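Spelled out from the first residue to the last, the chains are:
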Amino acid sequence: MPGTLYIVATPIGNLADASPRALEALRAVAVIACEDTRTSATLLARFDIATPTTSLHAHNERRAGAKLLDVLQSGKDVALVTDAGTPGVSDPGGLLVQAAHRAGIRVVPIPGPSAASTAISASGFRGDGYLFAGFLPATRGARRKALGELATPLPIVFYEAPHRVLEAVEDLAERFGAEREIVIARELTKKFEEIARMPLGAAAAWLCAGPHRQQGEFVLVLGPGAEKRPEQADAERILGILLERLPASEAAKLAAKITGEPRKELYALAVKREK
């Protein structure tokens, strides 16, 4: 019989958030696949877990995953962890899980901390769900293009690096308007945790108010927007396609003729997307 692959959520900051079930699994398996063995070593040492570890990260996932699949097929259990939070959520591990499913190996999730769900729970934004967008593109042009394609009335959760967070909130304000609200969650569950809710227009100033405000790990929760009419969403989609080949004025004019939406509104949106 093959072994079992356990997908183990680990603390996003406060090690006391490790669940008894997660710790039990980490002790019981034959090997723990870690995004970074040095990072996971802190958690394992805290709870006196001596299970052997191996590295599985974005740059070696196929090679390391093949070896771990052999371990599983030999009848031994494997635990998959990332540096923090739930594996597979903007983290490596998906290829191993996919291969395990295809090989008929049992996959068992052990739920626990997740930065996305932690931030949304503390945001106060009401709704029937949320969109998880993960990390935005690193370059400003690509980031603005990605934001231009987001059209949903749901709250949107982003992860962001400290050296890009200021540019990210500026681009969010430009795309969604200064009045739309955002929650900036910094260093969740850690000693210097901050969770602040404000209009997008005030977000850049908040980040610049102190040197520590642009340090640590960030989750941004964009508040829900007004739901768009189907024809409006379709017009924006068509505009995006036309902008790949035409300047803003021509793209807006043609999109307005196709959809019947106001040319001025489409032109303003086209200008924003081209910046």
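Please read all numbers here as calculations on a predicted model, not as lab measurements.

*Asks:* Break down the overall build of the protein for me, with residues and values.
*Replies:* When you go through the protein residue by residue, the secondary structure sums to eleven helices and ten strands. Taken along the three principal axes of its C-alpha coordinates, the protein extends 65 × 45 × 30 Å. For the protein, the exposed area adds up to about 14,100 Å²; of that, 53% sits on carbon and sulfur atoms. On the protein, the mean spot of the 34 positive side-chain charges and the mean spot of the 32 negative ones are 3 Å from each other.

*Asks:* Tell me about helix H1 (residues 20–28), and please be specific about residues and values.
*Replies:* Those residues of H1 lying buried are Ala 22, Leu 23, Ala 25 and Leu 26. All buried residues of H1 project into a common sector of 160° when viewed along the axis, lining one side. Away from the buried face of H1 by more than 90 degrees, exposed residues Pro 20, Glu 24 and Ala 28 are located.

*Asks:* Before we move on, could you go through unusual backbone geometry and cite the residues and values that matter?
*Replies:* Residue Asp 48 is not a glycine yet carries a positive backbone phi of 55°. A relative accessible area of 69% means that Asp 48 is categorised as exposed. Its identity is not glycine, yet Ser 90 carries a phi of approximately 55°, on the positive side. Position of Ser 90 relative to the elements: it lies in the loop between strand E4 (78–81) and helix H4 (94–102). On the basis of relative accessibility, which here comes to 33%, the residue Ser 90 falls in the partly exposed class.

*Asks:* Explain the sheet that holds strand E7 (residues 156–160) to me, and be specific about the residues and the numbers.
*Replies:* Read across the sheet, five strands follow the order E6-E7-E10-E8-E9 without closing on themselves; strand pairing throughout is mixed. Edge positions in the sheet fall to strand E6 (131–135) and strand E9 (194–199), since each has one partner strand and no second. On average, each strand axis in the sheet is tilted by 15° relative to the strand beside it, whichever way the strands run. Relative to strand E10 (residues 218–222), strand E8 (residues 181–186) is paired through five bridges, and the arrangement is antiparallel. Bridge pairing in E10 links Ile 184 to Leu 220. Where helix H7 (residues 165–176) meets the sheet, its contacts fall on E7, E8 and E10, and the angle it forms with E10 comes to roughly 5°. Strand contacts of helix H8 (residues 200–207): E8, E9 and E10, with the helix running at about 140° to E9, the strand carrying the most contacts.

*Asks:* How would you summarise the nonpolar core if you had to cite specific residues and measurements?
*Replies:* Judged by nonpolar contacts, the single largest core of 22 residues is most densely connected at Phe 158, Leu 172, Ile 182, Ile 184 and Leu 220. Where this core is concerned, the elements lending two or more residues are E7, H7, E8, E9, H8 and E10. Ranked by the residues each element gives to this core, the list is headed by H7, at six residues. Counting residues in hydrophobic clusters, the runner-up holds 18 residues, among them Ala 18, Cys 34, Phe 47 and Ile 110.

*Asks:* Could you give an account of the sheet that holds strand E5 (residues 106–110), naming the residues involved and the relevant values?
*Replies:* The strands making up a sheet associate through hydrogen bonds between their backbones, and the pairing can be parallel or antiparallel. Taken together, five strands build an open sheet; the order of strands is E3-E2-E4-E1-E5 and the sheet is parallel. Across the chains shown, the open sheet's two edge strands, defined by having one partner strand only, are strand E3 (53–55) and E5. Shown here is a sheet whose adjacent strand axes are inclined to one another by a mean of 25°, direction ignored. The pairing of strand E2 (residues 31–34) with E4 spans four bridges and is parallel. The residue of E4 that forms the bridge with Ile 32 is Ala 79. Set on the sheet, helix H2 (residues 37–46) makes contact with E2, E3 and E4; between it and E3 the angle comes to about 155°. Contacts from H4 reach strand E1 (4–8), E4 and E5, with the element oriented near 150° to E1.

*Asks:* Any chance you could break down the pairing of E7 for me, citing the residues and the numbers?
*Replies:* With respect to burial, E7 is a largely interior element, five of its five residues being buried. By the alternation rule, side chains of E7 split into Ile 156, Phe 158 and Glu 160 and Val 157 and Tyr 159, which are all buried. Where E6 and E7 come together, four bridges link them in parallel fashion. Within E7, the position partnered with Phe 132 by the bridge is Val 157. Between E6 and its parallel partner E7, the chain crosses via helix H6 (residues 140–148), and the hand of that crossover is right-handed. Of the strand pairs in this sheet, E7 and E10 are connected by five bridges, and their pairing is antiparallel. What sits directly across from Val 157, in E10, is Val 221.

Procedures and definitions
Residues numbered from 1 in each chain as written. Predicted model: local features only at pLDDT ≥ 70, side-chain atom pairs only at ≥ 80, totals over all residues. Heavy atoms only, no water. Helix = DSSP H or I, 4+ residues; strand = E, 2+ residues; numbered from the N terminus. Areas by Shrake-Rupley, 256 points an atom, 1.4 Å probe, with all protein chains shown as cover. Lys, Arg positive; Asp, Glu negative; His and termini not counted. Charge placed at Lys NZ, Arg CZ, Asp CG, Glu CD. Buried < 20%, exposed > 50% of the residue type's maximum accessible area, 1.4 Å probe, protein only. Arc of directions from axis to C-beta. Pairing = 2+ DSSP bridges. Axes fitted to C-alpha atoms, helices over the stretch in contact; angles between N-to-C directions. Contact = heavy atoms within 4.5 Å. Core = buried A, V, L, I, M, F, W, Y, C linked by side-chain atoms within 4.5 Å. Right-handed = clockwise from strand over helix to strand, strands pointing away.

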